[in-house]
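Read off the chains here:
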Amino acid sequence: MRRELRTFRSVLVAGISVPAFLLAASSPGNAAEGDRGGRQPALPSYVHGGAWPTSHLQGVTVDRKRGFVYWSFTQKLVKTDLGGKVVGTVEGLTGHLGDIDVDDRDGRVYGSLEYKAAESFYIAVFDGRGIDRVGMNAERDGVMTAVHLDEVAADFTADMDGNGVFDGDTAATPDHRYGCSGIDGVSFGPGFGERGGRQTLKVAYGVYSHTGRTDNDHQVILEYDIRSWGRYARPLSQDSPHHSGPDHHDGKFFVHTGNTTYGVQNLQYDPYTRNWIMAVYKGRKAGFPNYSFFTVDGSAEPVRGEIKGQPVPETGRLLTLRDAGLRDDATGIRGWEFHGSYGFDALGDGRYYVAEGRAVEKDGVVQQEGEIRLHRWTGETPGPFAPLG
């Protein structure tokens, strides 16, 4: 992807040296240069995603090239413009739609989609260009296909105690390899340890909160090259879920953070810092710092090492937490305290959209509301971001 070289001055904001063009670009009256020399729509400091009779906001992604925001409300995908005007929705999902990310090349939106009772886990692929009205159906209107992830299903259903019985969707069991509760965080980005090159899709596990076991203290991330996924993508019948998907992943990685509550809620590659961001619900295990936000060092090559706490000694490809932020002396774990679990999108220039969600009552009906606000990177502790505007 070609990037323009620019000369700019720096401005001191709250003790942090910030390029002046970042501040100018945060104003709705200014547009940023597009990757191909065109004009991208200006980014507002705030976008409201509406209120919907669904579960809470789970993820957001901004299509800067085309000027849209996509919102995952767990059973509904909402598409708005940058002013918050609703363009369309995809409805009728009976599973859990989680974190989402847009493929800048074609405007397709990729999201984690779980059907735990059916032991089926997918990446849902939405044709963003085709989402043009409210009330589109996920099964019938031709805007969503799904690719099944066999590796996730295998880890979710693993009979870890060997009693011949899989105990199902519950944390109160020794089953589920690595404590796998399914999937949530998704993001496109380069290979771990690489500064550029081919973009692959990373998919992060959900992890059950269970304080009585030691084999669930890693975040687990799968890597997929989606260039061949056209052969697997199928429309999804939720009454009879298909299992069309790749037989193998292209990489499986582990990050030692301590146990969290349902794993990585939002995963995001940040081209500005060239690191990987993981927003989580805090864990509850004594002996760990239980941070809510982690950054993986994007420049560090994965290393082969022990996956701590496994019932049978096991090695895997380990990722390195960035040497920044808060540090727990007892474990050496680095992290931050920040609220990115409702949705987080790195814009690639030191600015970030951070989502908030809440329950609101409208006409006597409880609905879930979502919004995003622009932030900038500061690197400070305990939280490394500050609002813009």
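Each remark here, short or long, concerns the structure printed above.
The present account deals with the structure reproduced in this document. (Residues numbered from 1 in each chain as written. Predicted model: local features only at pLDDT ≥ 70, side-chain atom pairs only at ≥ 80, totals over all residues. Heavy atoms only, no water.)

### Some thoughts on the overall build of the protein
Step number 1: When helices and strands are counted, the protein shows two helices and 27 strands.
Step number 2: The proportion of buried residues among the 389 residues of the protein is 57%.
Step number 3: With an accessible surface of roughly 16,000 Å², the protein has 48% of that area assigned to carbon and sulfur atoms. (Helix = DSSP H or I, 4+ residues; strand = E, 2+ residues; numbered from the N terminus. Buried < 20%, exposed > 50% of the residue type's maximum accessible area, 1.4 Å probe, protein only. Areas by Shrake-Rupley, 256 points an atom, 1.4 Å probe, with all protein chains shown as cover.)

### Brief notes about the packing of aromatic side chains
Step number 1: If you walk through the whole model with that rule in mind, you get 20 aromatic pairs.
Step number 2: Between Y208 and Y262, the aromatic rings sit 6.1 Å apart at their centres with planes inclined by 55 degrees, giving tilted as the arrangement. Highlighted residues: Y208 in the loop between β14 (200-207) and β15 (218-224) and Y262 in strand β17 (residues 261-270), separated in sequence by 54 residues.
Step number 3: Their ring planes at 65 degrees and their centres at 4.9 Å tell us that Y352 and F385 sit as a pair that is edge-to-face. (Phe/Tyr/Trp six-rings, centres within 6.5 Å; stacked < 30°, edge-to-face > 60°.)

### Thoughts on the sheet that holds strand β8 (residues 96-103)
Step number 1: Read across the sheet, four strands follow the order β8-β9-β10-β12 without closing on themselves; strand pairing throughout is antiparallel. The sheet is open, and its two edges are formed by β8 and β12 (144-148), each paired on a single side. Averaged over all neighbouring strand pairs, the angle between strand axes comes to 25 degrees, with direction disregarded.
Step number 2: Pairing between strand β10 (residues 120-127) and β12: five bridges, direction antiparallel. (Pairing = 2+ DSSP bridges. Axes fitted to C-alpha atoms, helices over the stretch in contact; angles between N-to-C directions.)

### Notes on the nonpolar core
Step number 1: Counting residues in each nonpolar core, the largest one holds 28 residues, and the members touching the most others are I123, L201, Y205 and W229.
Step number 2: When contributions to this core are tallied by element, the ones reaching two or more residues are β10, α2 (150-156), β13 (180-189), β14 and β15.
Step number 3: Residue contacts for Y205: discarding those within four places in its chain leaves E151, V152, D155, Y178, C180, G182, I183, V220, L222, K252, G263 and V264.
Step number 4: If you look at the next biggest cluster of nonpolar residues, it comprises 20 residues, including L97, Y115, M136 and V143. (Core = buried A, V, L, I, M, F, W, Y, C linked by side-chain atoms within 4.5 Å. Contact = heavy atoms within 4.5 Å.)

That's the geometry; what it means functionally is another story.
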